[in-house]
Amino acid sequence: TESTGKKKVTGNVDLYRAASKVELVVTEVTDQITEGGVVWRSDPSKMYIRMFNGVNRSKVDASQQVYDILSGDYYQTEYEPLVQLGEGDSYSSHVPYYSYSSDWTSDDEHEVYFTLVLPWGKVETDAEGNENVSMYRTCYYQIPVNFDEKKLSRNTYYRLNLKVGVLGSFVDPDEPDD
């Protein structure tokens, strides 16, 4: 019941969930790999993620009219640390991300994705056979949210489980080219 001035209106209002819930869970990180004769050791305690091209605006009732996304409706988050989930080897953000529906089947520029940051240390062995980790390098991984369908649907939970077993790029893919 709503009172406005001297009028009373009583009735039901249908509510619709409009947002998608998006979560990246790193289920496994390889401890050590050898690439090009160099041994690298991961440091999953220093992983960070960032979400790109989320949408912060929509229509509540999609059956009435489709919302045309404007360029200012897209957002990206800042990097945030991943935290270990319980006693296992899985890591995720403190809270999941939310985005309204979007479709990038004909617009790759607005693909929804995560960038994962994972440092790897170069392992060197001294004359006595002791291993030391030196020169940490940051590796970047771009993870698409819905690669097959190329869209986020309303009221849908997207959980991405990721196993990291290779070095990523040493170049930040989200930095503008000079």
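Above this text sits the structure in question.
Throughout what follows, the structure given in this document is the object of discussion. (Residues numbered from 1 in each chain as written. Predicted model: local features only at pLDDT ≥ 70, side-chain atom pairs only at ≥ 80, totals over all residues. Heavy atoms only, no water.)

## With respect to the overall build of the chain
At step 1: Within the chain, the regular secondary structure consists of 0 helices and 17 strands.
At step 2: Looking at the chain as a whole, 34% of its 178 residues are labelled buried.
At step 3: The long-range share in the chain, meaning contacts at least 24 apart out of those at least 6 apart in sequence, stands at 71%.
At step 4: On the chain, roughly 11500 Å² of surface is accessible, and the fraction owed to carbon and sulfur atoms is 46%. (Helix = DSSP H or I, 4+ residues; strand = E, 2+ residues; numbered from the N terminus. Buried < 20%, exposed > 50% of the residue type's maximum accessible area, 1.4 Å probe, protein only. Contact = heavy atoms within 4.5 Å. Areas by Shrake-Rupley, 256 points an atom, 1.4 Å probe, with all protein chains shown as cover.)

## Points about the pattern of salt bridges
At step 1: Overall, the coordinates contain 3 salt bridges when judged by the stated rule.
At step 2: A salt bridge links K46 to D43, with the nearest nitrogen and oxygen atoms 3.1 Å apart.
At step 3: The exposure class of K46 is partly exposed, given its relative accessible area of 47%.
At step 4: In this structure, D108 and K150 form a salt bridge, with 3.7 Å as the shortest nitrogen-oxygen distance. In this pair, D108 is assigned in the loop between β13 (102-103) and β14 (113-125) and K150 in the loop between β15 (131-144) and β16 (151-152), connecting sequence segments 42 residues apart.
At step 5: By relative accessible area, D108 is classed as exposed at 53%.
At step 6: What makes K150 partly exposed here is its relative accessible area of 24%. (Salt bridge = Lys/Arg side-chain N within 4 Å of Asp/Glu carboxyl O.)

## Regarding unusual backbone geometry
At step 1: For N53, which is not glycine, the phi dihedral falls at a positive 65°.
At step 2: Structurally, N53 can be placed in the loop between β6 (48-52) and β7 (54-55).
At step 3: With a phi close to 55°, K150 is a non-glycine residue in the positive phi region.

## Regarding the packing of aromatic side chains
At step 1: Within the structure shown, the criterion is met by 3 aromatic pairs.
At step 2: Centre to centre, the rings of W40 and F170 are 5.8 Å apart; their planes meet at 45°, and the pair counts as tilted. Note that W40 is positioned in strand β5 (residues 38-42) and F170 in the segment after β17 (157-164), a separation of 130 residues in sequence.
At step 3: Given a relative accessible area of 7%, W40 falls into the buried group.
At step 4: Exposure remark for F170: the relative accessible area of 32% places this residue in the partly exposed category.
At step 5: We note R137 situated over the ring of F170; from NZ or CZ to the ring centre the distance is 3.9 Å.
At step 6: A cation over a ring is seen here: K150 above F147, with NZ or CZ 5.6 Å from the ring centre. (Phe/Tyr/Trp six-rings, centres within 6.5 Å; stacked < 30°, edge-to-face > 60°. Lys NZ or Arg CZ within 6 Å of the ring centre and 35° of its normal.)

## Some details on the nonpolar core
At step 1: By size, the foremost hydrophobic cluster in this structure holds 28 residues, and its most contacted members are V26, F114, L116, W120 and V164.
At step 2: When near neighbours in sequence (up to four residues on either side) are disregarded, F114 contacts V22, E23, L24, I49, R50, M51, Y97, Y141, Q142, I143, V145 and L160. (Core = buried A, V, L, I, M, F, W, Y, C linked by side-chain atoms within 4.5 Å.)

## Observations regarding the pairing of strand β12 (residues 97-100)
At step 1: Residues of β12 alternate between two faces, with Y97 and S99 buried on one and Y98 and Y100 left unburied on the opposite face.
At step 2: Bridging between strand β3 (residues 19-29) and β12 involves 4 bridges; their strand directions are antiparallel. Considered in β12, the bridge of K21 is made with Y98. (Pairing = 2+ DSSP bridges.)

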